[in-house]
Structures are given as C-alpha cells and as structure tokens.
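Residue strings, one per chain:
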Amino acid sequence: RDVKSINGDNIAEHAKSILLRKTDCWEDEDEVRILIKDENFVNIEIKKIIIGRKVIESDKDLIKCLVDSRAGLDKNIIIIKQEE
C-alpha cells in the first residue's frame, strides 16, 4: 500500500522539511544536500570527504572502510579532518 499522508500531512513534504532543516549546532558546516525523486540519481564525482574536527579516529577509519568497499567509487577519495 502506497501511503501518501499520515494524519493529513503529506509524507514527502514532511520528509523534505526534515532533510532540509539545519539546526544551529551545525551552522558552521558547509555541505551540499541533493534530494531527488523517483529513484533517479545525480551523477557526481566525490573527490573529498571533510569530517568534523571532533570525529574520533575509529569513525574516520570506518568512513574510509565504507568508501573503499563501495564498488564504482574512486579509491583516491581524500578524507580530511576539518581544521580548528
């Protein structure tokens, strides 16, 4: 069953409002968010992943492992920690 609303609210619009909201604690983060419909994907090339300055080394290692395990991703993607 394709549910388009819950309690009269449009699910897609509600999800979009959540995904596009940015709380004050993240205001210094410079990011790009791409939302698409109908399972089409935007063809992009990831060149660099910048992680927050408070990310612990084991999480950085996990991100690197995830990138390395993804078929079709360039294995030369740079993962750097944001400067203070």
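Placed above this text is the structure.
About the criteria used
- Residues numbered from 1 in each chain as written.
- Predicted model: local features only at pLDDT ≥ 70, side-chain atom pairs only at ≥ 80, totals over all residues.
- Heavy atoms only, no water.
- Helix = DSSP H or I, 4+ residues; strand = E, 2+ residues; numbered from the N terminus.
- Buried < 20%, exposed > 50% of the residue type's maximum accessible area, 1.4 Å probe, protein only.
- Contact = heavy atoms within 4.5 Å.
- Areas by Shrake-Rupley, 256 points an atom, 1.4 Å probe, with all protein chains shown as cover.

**Some thoughts on the overall build of the chain**
Phase 1: Per the secondary structure count, the chain includes two helices and four strands.
Phase 2: Helices and strands appear in the chain in the N-to-C order β-β-α-β-α-β.
Phase 3: For the chain, buried positions account for 5% of its 84 residues.
Phase 4: In the chain, once contacts between residues fewer than 6 apart in sequence are set aside, the share between residues at least 24 apart is 48%.
Phase 5: For the chain, the exposed surface amounts to about 8000 Å²; the carbon and sulfur share of it is 53%.

**Regarding the environment of Glu-57**
Phase 1: Within the secondary structure, Glu-57 is located in helix α2 (residues 57-69).
Phase 2: Taking the relative accessible area as the measure of exposure, Glu-57 reaches 47% and is therefore partly exposed.
Phase 3: Once the C-alpha coordinates of Glu-57 and Lys-81 are considered, the two residues, 24 residues apart in sequence, prove to be 9.8 Å apart.

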